[in-house]
Amino acid sequence: MRDILPDVESWLAQGKSVATATVIQTWGSSPRREGARMAITPDGGISGSVSGGCVEGAVFEAAVESLNTGRPQLLHFGVADETAWDVGLACGGSIDIFVNPLDPEFYKTLRSVLDEEIQAALVTLIRGPEEEVGREILIHGNGDVIASSIDIKDVKAAELSANSLAEGIPQRVLLEDGIELFIEPLLPPPTLIAVGGAHITIALMELAKTLGYRTIVVDPRKAFGNGQRFPHVDRLIQSWPDEAFQQIPMTSNTAVAMLTHDPKLDDPALKIALSSPAFYVGALGSRLTQSKRRQRLLEDGLTEAQLDRIHGPIGIDIQARTPEEIALSILSEIVAARNKDDA
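Keep in mind that this is a model prediction, so the values were computed, not measured. (Residues numbered from 1 in each chain as written. Predicted model: local features only at pLDDT ≥ 70, side-chain atom pairs only at ≥ 80, totals over all residues. Heavy atoms only, no water.)

**Q** Quick rundown of the pairing of strand β2 (residues 37-40)? Include the residues and the values.
**A** What you see with β2 is no split at all: Arg37 and Ala39 on one side and Met38 and Ile40 on the other are buried throughout. The sheet contact formed by strand β1 (residues 19-27) and β2 spans four bridges and is antiparallel. Its bridge partner lying in β2, alanine 19 is registered against isoleucine 40. With three bridges connecting them, β2 and strand β3 (residues 46-48) associate as antiparallel partners. When the bridges of β3 are listed, alanine 39 appears paired with serine 47. In this antiparallel pair of consecutive strands, β2 and β3, the connection spans five residues, and glycine 44 shows a positive phi of 105°. (Buried < 20%, exposed > 50% of the residue type's maximum accessible area, 1.4 Å probe, protein only. Helix = DSSP H or I, 4+ residues; strand = E, 2+ residues; numbered from the N terminus. Pairing = 2+ DSSP bridges.)

Next comes the structure, spelled out in structure tokens:
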């Protein structure tokens, strides 16, 4: 959702009406996962994607129709449909997409939750009484209702939202009386912490930003960890890792990359990261360097199980040569680890 926010904000500021299209379920071959979203304006504005291109035209037409009528639509495209060839899903995929006119007032609250990175769940009624379809409820991670336009029991919605947040994936839920909900967890963006302001780190942070990661660089060496080298990172901490990591909450949504080649920096950072719930911990260095590092950390009290979490040599083997290619290999490995954990 975050990728479409700048365009939605701009369109609303211009007084345009906006509809959103959300992938709520896929089967077989589909390029986008549940929760992927596209925003549409009637004058041809499109932001985001729900299929990588194959059904966007049909979804755009449906969105314009929904904006004209004020009525949401639940769309289905698949190989069994006569429209399959027209929309490009003849390769074997099926996809359900919910199109809904955007409520500007509800959006303001939703945007505030996203900006403040509050853990919450967005619940949308996608099937039920005609006058209720498309209405939404925003539920805080603690179970409190932040905003609501749905006439269903908040307790039930909160319970379902808690389950979705715990699993970290969108869910389509069928209730009694034919009521169906789509529950989307709204989690803070993933964080990538790089220890060491090397040339590789510069490229890595730039790539990570394009994928929506919050970026943090830790390096006490002013020649490497300075604002001139990293003007666009979200946070630059010019401290030693043991002190810096006290300022950074590490969660299951955090990746950490050690890029200094210096045991005085890498080893303390690894001891902290490997004891955290971070979903990825990688360290630069050859196999010989990794072996020596492993022995040092074993002697320092870490367990074999903890050390087995290290991705090292760091990155996917793509025969990388340049700092940019090495950064690509590292980020590819991070993305693979995160998607594996989400699967």
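**Q** Quick rundown of the pattern of salt bridges? Include the residues and the values.
**A** Considering all chains together, one arrives at 19 salt bridges under this definition. Two residues, arginine 37 and glutamate 184, come together in a salt bridge whose shortest N-O distance is 2.9 Å. Here the residue arginine 37 occupies a position in strand β2, and glutamate 184 occupies one in strand β10 (residues 180-186), the gap between them amounting to 147 residues. The two residues arginine 37 and glutamate 184 agree in class, both being buried. Between arginine 214 and glutamate 117 there is a salt bridge; the shortest N-O distance is 1.9 Å. In this pair, arginine 214 sits in strand β12 (residues 214-218) while glutamate 117 sits in the loop between α4 (104-115) and β6 (120-127), placing the two residues 97 residues apart along the sequence. The exposure class assigned to arginine 214 is partly exposed, which follows from its relative accessible area of 22%. Given the relative accessible area of 30%, glutamate 117 is considered partly exposed. (Salt bridge = Lys/Arg side-chain N within 4 Å of Asp/Glu carboxyl O.)

**Q** Run through the sheet that holds β6, naming residues and quoting values.
**A** Ordered by their spatial adjacency, five strands build an open sheet running β8-β7-β6-β10-β9, and the pairing between neighbours is antiparallel. Both edges of this open sheet fall to β8 (145-148) and β9 (171-174), since each of them pairs with a single strand only. Along the sheet, successive strands turn relative to each other by an average axial angle of 20°, direction set aside. Sheet topology places strand β7 (residues 136-140) next to β8; three bridges connect them, and they run antiparallel. Bridging across to β8, isoleucine 139 finds its partner in valine 145. Along the sheet, α4 contacts β6, β7, β8 and β10; its crossing angle with β7, the most-contacted strand, is approximately 25°. (Axes fitted to C-alpha atoms, helices over the stretch in contact; angles between N-to-C directions. Contact = heavy atoms within 4.5 Å.)

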